[in-house]
Amino acid sequence: MIQLCFSFIGILLIWISFPSLPRAIAQALPDQETKLIQCVRLAYAKVQSEEGSKNPDYIRRRLETANALCANENPSKAAIIGQVNADLAQAARQYLDGSLNGKDYLMIVNERTGKYAKLLNDQTWATAYAAGDQDQDLIPNQFDKCSDSPSLRPTNQSGCPLKCSQSSTDPACRLPAPSSADDAIVKRIVLSSKLMLNPACDNAPTPTQPEQLLWGRGNGGYNLVVTKINNQPTKCEVFYEIDFRFDQPGLSTDPKVKYASVLFQNSEDLTPNDPRRAIFNIPATGSLPGQRLTAQYGLGKYLRMQWRVRAVNGSQKLSKWSASRIQKPNSSGVRVGS
Amino acid sequence: MRYKKLKAIICLFLVILTSLIYSLPVYAHNNIVHRDMTDVAYEVMLAFSKFSPADVNSIDKSPEMQQFFKDIKAATLKLRSLPSGLPNPKASTCIDPTFAQMHGTNTPNWQTGGAFEGAFEAVPMGNVRYPISTSYISGNDCGIDVSWMPGPFYNEVNSGGLTSRDHTGVVLGFWTQAVDDELNDFHMWIRPSNILFLSVVKEYLEKALGVTLGTVWITVKCFTSCAASALTAGIVGDCKKCLDDAIKEAKSASHDVVTEIDGLAPGFGDITGSLYVGMGHHVNVSQAANSIVSDLKGNYNHYDDQPGMLTENAGPNGLPGNIEVLSMAGADLIGMSVHYDLSLGPKRYEVTEGNDFHPNSIDRSDDDWQYLSWPHIPFTPLDNLAWFGWKQFRDNPQSNAKYLGWPLHAIGDATVPMHVTGTFAHGHRPYEDAIENQRQELLYGDGSSALVRRRLRLIMSQALLWRKFILNWRAKHPANGADVPIRDLVTQLAQQTLSKVNQPNLITAGWPFNDLASTTYLLDKGLATGFYEAFPGVTNINQELLENGVAAEIAFLTSAAESVK
């Protein structure tokens, strides 16, 4: 009874905690999709009372299945879809948290999607699957010679755990695989990459494509003039990413080509009231963070500069790059204000 | 207990959210390269429409070449007369000061009065008064590329000033690159099974960001920490700390580059953008990759004779690059699928009745497109994209010049090694950036007239081969009239591209397929691009790839114009 009561409260809490769901989504989704989401939400509420509701993989499988059912799929096919998507999600999570290496991850992905293709296209297998798959390895019990394969463990077509050796003929064993060096690279990306978030940019359109206009000395440094982005909602920040390519070094000791990428925030625009142009400054002297220092050096010491620009909003919606262009500094400079 | 659960859900979502970072974009050849390839193709046609074989030293004087000259001349006339299909410019005045310097005013005079009053799109391509920019539609300026010139040697052929040159090549080139603006080709969405988590986390983030509503940069490590604690303790420890740090840092830190997560930042509902357009811009002609797919999955997900992009088996050997594997994990965690109803691509690029003697696509249902996350979906191949545009043009050339852009775009992409092996990793982005940076050198060498003429002869020889390819097909299929076997042509070009770069010594040295370059690009674009720019001994190959594409475009445009009455 207490458990039932908790479940009810839980459902209520979850329901209450999603007030923004229809609001947030309705703006972007047609009615049909909103209905689909509501259908899945009802399924979610139901899952809360089921044994296994503490297991995220179980919840995922139930929701993926519900998703297909809510889209009017037949139950046996929905079960296949739910199982495959839940397995793929589980494998993905393990890969991303480092508990599964790239080789094993790819093996699982290919094995699962291979079985998915077979189940959806082979009526005999589909019918057998509907009758049962005890160990959830996507091999129907009727054909499964090892009916207790561990969760997520790749199997052969007989449902027994795949054991690859030099003489293995199973195609999954011949799958090219990432190396441990690749795993280290992936780890590095996970450690160093950043994701931009800004709720004010929800439902914002793709920024228009900026163009680089001119550049030249001014305001104690180098002023870069680009067309302004003005199609974003208020408070949704816009960034201008500028790629520089410098060649023809003034000093023989400098590398022949130097690159820099700098991200300017719209708050750095020297002409905030100009509706069509944005101007960004890189000081000619002094210490600067990151690649701004490289850009400062290139602008001062190299004889030729090629550049391009694109815009990105706070939710990482990107414009296309402008065409890269070699451009000399404006002979009369680019000055802003007095 | 429930509170913990809610926290766990929030954290789980954060993990899912993290996965967005891995879902990387798929680009076509950089826009300006597409534009320039088509423009050069037209300038070559213009040059040869003014010459005869006898005027050109060392060129093939065969009857076929002589006929080709005549055909080219007829084609340029027809192309020039086709309505451009351009909408009105976005702005009536130019913000670019160079325009005012060159023109004495910042207000262009498009001279669209008279017969074309109020019907800008009806202005013939040859009468478009200014060279239009690649951002003519997607930008917010007047849409004029003041820096455009026909190029060394071609300046003599297509001579004049800013308003007096023939801009047909620029307009065609514009439509070629504009295929990347077809944002409706592929829409994504988060399956409802996962969007519940998204809404919870969105609320959490909004509360965390409070009234500042700034942009917060959250490390993937941060998300990973949250993943570790999500199911046990919620947002605590490292997870909480790094989120707090990110919010504090938002106001002070400066950043250099946008991590290439391009648009897959947290969002609700429909997800689209230039990032997903390119999913139909690949064809994997690698036998090694395709045999792996066949071995593992039989013919179940072979929908076309040559598959398009299938991320789980992308690349020249069927081994996806690291960013592709990460994208796949991200998409699976978040449940990101193609949104069939909103996506035009599946409807446009499945060719079930091509009537061109090329194998047709096997028809797919919406389920086949959207039940699994996108990395497990075989996207339609590049040659089908070409066919779609060609069909629109062929059936109504007078009002559909823009659709020439599709086959021309496909031809351009078929010269990129990564596009013909269905991968957006393996060095795809830095390779294309390097080609963009070096495009002038690759297309015109040192710019001397003699060198350009020599390259031009080579291009024409190659173009004649492509023209014969088309004519032979027509001879075999007389009932198809002036049809163009564009799917065959793009597939053949893609195979030639792979064959040209598939040199064991180069492959071993990491060119052109270099997955490390793609991951390096995430952190240091210059370093990755510089690798390709400085790679020794491949300039000729890059040149051949581009010129083969230009040659194919010449043959295609010449043949396509024959369907214009």
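Just so you know, the residues in each chain are numbered from 1, in the order the chain's sequence is written. Starting at A for chains and at 1 for ligands, labels are handed out in the order in which the entities are written. A pLDDT threshold of at least 70 governs which residues receive local features in this predicted model, and a stricter bar of 80 or more applies before side-chain atom pairs are shown or counted, although totals over entire chains, interfaces and linings include all residues. No hydrogens and no water enter the side-chain calculation; it runs on all heavy atoms of the structure.

A. Fine view of the overall build of chain B. Only DSSP runs of H or I covering at least 4 residues are called helices, and only runs of E covering at least 2 are called strands; the numbering of each starts at the N terminus. A count of helical and extended segments in chain B gives 24 helices and 3 strands. To sort residues, take the accessible area from a 1.4 Å probe on protein chains only and compare it with the maximum for the residue type: under 20% means buried, over 50% means exposed, and anything in between is partly exposed. Relative to its 565 residues, chain B shows a buried fraction of 67%. Only the protein chains shown count as covering a residue, and every accessible area follows the Shrake-Rupley method with a 1.4 Å probe. When the accessible area of chain B is evaluated, it comes to approximately 17900 Å², of which 52% is carbon and sulfur surface.

B. How the structure looks around the overall build of chain A. What chain A contains, in helices and strands, is 9 helices and 8 strands. It is over C-alpha atoms that the radius of gyration is taken, and the globule rule equals 2.2 Å times the number of residues to the power 0.38. Taken against the 2.2 N^0.38 rule, which gives 20 Å for 338 residues, the C-alpha radius of gyration of chain A at 28 Å runs more than 25% over that of a compact globule. Across its three principal directions, the C-alpha atoms of chain A cover 80 × 55 × 35 Å. Out of the 338 residues belonging to chain A, those deemed buried represent 56%. Here the analysis covers contacts within chain A between residues at least 6 apart in sequence; of these, 59% occur between residues at least 24 apart. Counting every atom, chain A has about 15100 Å² of accessible surface; 53% of that belongs to carbon and sulfur. Counted charges follow a simple rule, with Lys and Arg positive, Asp and Glu negative, and His plus the chain ends left uncounted. Throughout, a charge is located at the NZ atom of Lys, the CZ atom of Arg, the CG atom of Asp or the CD atom of Glu. The distance from the centre of the 39 positive side-chain charges to the centre of the 30 negative ones in chain A is 10 Å. Any two residues whose heavy atoms approach within 4.5 Å are treated as being in contact.

C. Structural view of the confidence of the model for chain A. Residue and element names in this part refer to chain A. Across the chain, each position has a pLDDT score giving the predictor's confidence in that residue, from 0 to 100. When pLDDT is averaged across chain A, the result is 85; 91% of the residues are at 70 or more. Model confidence for chain A, summarised as mean pLDDT per element, is weakest for helix α1 (residues 2-16) at 37 and strongest for strand β3 (residues 221-227) at 97. The model gives residues 1-28 a pLDDT under 50, and that stretch makes 40 contacts with residues more than four places away or in other chains.

D. Layout of the sheet that holds β3(A). All names here are of chain A. A pair of strands is considered paired only if DSSP assigns at least 2 bridges between the two. Here 3 strands make up an open sheet; going across it, the order is β2-β3-β6 and the pairing antiparallel. Both outer strands of the open sheet, β2 (212-218) and β6 (277-283), are each paired with one neighbouring strand and no more. In this sheet, neighbouring strand axes are inclined to one another by 20° on average, regardless of whether the strands run parallel or antiparallel. Axis lines are fitted through C-alpha atoms, for helices just across the contact stretch, and the angle between N-to-C directions can take any value from 0 to 180 degrees. Lying over the sheet, helix α9 (residues 291-301) contacts β2, β3 and β6, oriented at roughly 90° with respect to β6.

E. Region of interest: the packing of aromatic side chains. All names here are of chain B. When the centres of two rings from Phe, Tyr and Trp lie within 6.5 Å, Trp using its six-membered ring, the rings pair. Their planes under 30 degrees apart give stacked, over 60 give edge-to-face, and anything left gives tilted. Within the structure shown, the criterion is met by 32 aromatic pairs over all chains. With a centroid separation of 6.4 Å and 65° between ring planes, the pair formed by F357 and W473 is classed as edge-to-face. In this pair, F357 is assigned in the loop between α13 (345-349) and α14 (366-370) and W473 in helix α19 (residues 449-476), connecting sequence segments 116 residues apart. By relative accessible area, F357 is classed as exposed at 53%. Residue classification places W473 among the buried residues on the basis of a relative accessible area of 7%.

F. The arrangement of the pattern of salt bridges in detail. Salt bridge, as applied in this entry: a Lys or Arg side-chain nitrogen positioned within 4 Å of an Asp or Glu carboxyl oxygen. All told, the structure shown has 41 salt bridges over all chains when counted by the stated rule. Note that A:E111 and A:R112 form a salt bridge whose closest N and O atoms lie 2.6 Å from each other. Across the pair, A:R112 and A:E111 agree in class, each one buried. In the salt-bridge network here, residues are joined through shared partners; they are A:E241, A:D243, A:R308, A:R310, B:D433, B:E436 and B:K525.

G. Local environment of the pairing of β6(A). Residues and elements named next belong to chain A. Burial of β6 is extensive: 5 of the 7 residues sit out of reach of the surface. Relative to β6, β3 runs antiparallel, the two sharing 7 bridges. When the bridges of β6 are listed, L224 appears paired with F280.

H. Main features of the state of the cysteines. Disulfides are defined as pairs of cysteine sulfur atoms found within 2.5 Å of each other. Throughout the structure, instances matching the rule amount to 5 disulfides over all chains. At a sulfur-sulfur separation of 1.9 Å, the disulfide partner of A:C146 is A:C160. On the S-S bond that ties A:C146 to A:C160, the torsion sits near 85°, and the link is right-handed. With A:C146 in the loop between α7 (123-131) and α8 (180-192) and A:C160 in the loop between α7 and α8, this pair connects stretches of sequence that are 14 residues apart. The exposure classification of A:C146 matches that of A:C160, with both residues buried. The disulfide bridge from B:C94 ends at B:C142, spanning 2.0 Å between sulfur atoms.

I. Seen up close, the packing of α8(A) against helix α22 (residues 515-523) of chain B. Contact geometry of α8(A) with α22(B) gives a least axis separation of 11 Å together with a crossing angle of 15°. With respect to α22(B), the element α8(A) is oriented roughly parallel. Crossing of α8(A) against α22(B): the hand is left-handed. Residues A:I185, A:R188, A:I189 and A:S192 of α8(A) pack against B:L516, B:T519, B:L522 and B:L523 of α22(B). We call Asp, Glu, Lys and Arg charged. Ala, Val, Leu, Ile, Met, Phe, Trp, Tyr, Cys and Pro are nonpolar, and the rest, Gly among them, are polar. Grouping the amino acids of the contact of α8(A) with α22(B) by side-chain chemistry returns 5 nonpolar, 2 polar and 1 charged. Roughly parallel covers angles under 35 degrees, roughly antiparallel covers those over 145, roughly perpendicular covers 65 to 115, and oblique covers all other angles. Put simply, a crossing is left-handed when the front helix is turned counterclockwise from the back one by less than a right angle, and right-handed when it is turned clockwise.

J. Representation of the sheet that holds strand β8 (residues 325-326) of chain A in the model. Residue and element names in this part refer to chain A. Pairing within the open sheet is antiparallel, and its 4 strands lie in the order β5-β4-β7-β8. In this open sheet, the two strands that pair with only one neighbour each are β5 (257-265) and β8. By the bridge criterion, 2 bridges tie strand β7 (residues 302-313) to β8 in an arrangement that is antiparallel. Among the inter-strand pairings, W307 is bridged to a residue of β8, identified as R325. Contacts from α9 reach β4 (238-249), β5 and β7 within the one sheet, and its direction differs from that of β5 by about 125°.

K. The layout of surface pockets, seen in detail. Here a cavity denotes grid points, spaced 1 Å and computed from the protein atoms alone, that fit a 1.4 Å probe unable to get out, and a pocket denotes an open set having protein on both sides within 12 Å along at least 5 of 7 lines; residues with an atom within 4 Å of a point are the lining. Grid points are joined across faces, edges and corners, and a volume is the space filled by probe spheres set on the points. Quantified by volume, the largest pocket comes out at close to 1000 Å³. If you trace the largest pocket, you find 50 residues lining it, with A:S324, A:R325, A:I326, B:R439 and B:Q440 closest to the centre. With 6 residues, helix α23 (residues 525-534) of chain B is the largest single contributor of residues to the lining of the largest pocket. By residue class, the composition of the lining of the largest pocket is 16 nonpolar, 17 polar and 17 charged. Taken as a whole, the second largest pocket holds about 420 Å³ of empty space. Together, 19 residues line the second largest pocket, and A:Q32, A:L36, A:A71, B:D341 and B:Q370 are the ones closest to its centre.

L. Quick look at unusual backbone geometry. All names here are of chain B. Cis peptide bonds are those with omega within 30 degrees of zero, and the linkage from W511 to P512 qualifies with -5°. Note on placement: P512 falls in the loop between α21 (504-508) and α22. Backbone geometry places F153, a non-glycine residue, at a positive phi of 75°. Residue placement: F153 occurs in the loop between α4 (97-103) and α5 (154-157). On the basis of relative accessibility, which here comes to 5%, the residue F153 falls in the buried class.

M. Here's a closer look at the nonpolar core. The criterion is simple. A nonpolar core is a set of buried Ala, Val, Leu, Ile, Met, Phe, Trp, Tyr and Cys residues joined through side-chain atoms within 4.5 Å. By size, the foremost hydrophobic cluster in this structure holds 110 residues, and its most contacted members are B:M460, B:I554 and B:F556. Beyond its immediate sequence surroundings of up to four residues, B:I554 is in contact with B:A41, B:V44, B:M45, B:F68, B:I72, B:I459 and B:A463. In this structure, A:I108, B:I334, B:F424 and B:L522 belong to the second largest nonpolar core, which totals 52 residues.

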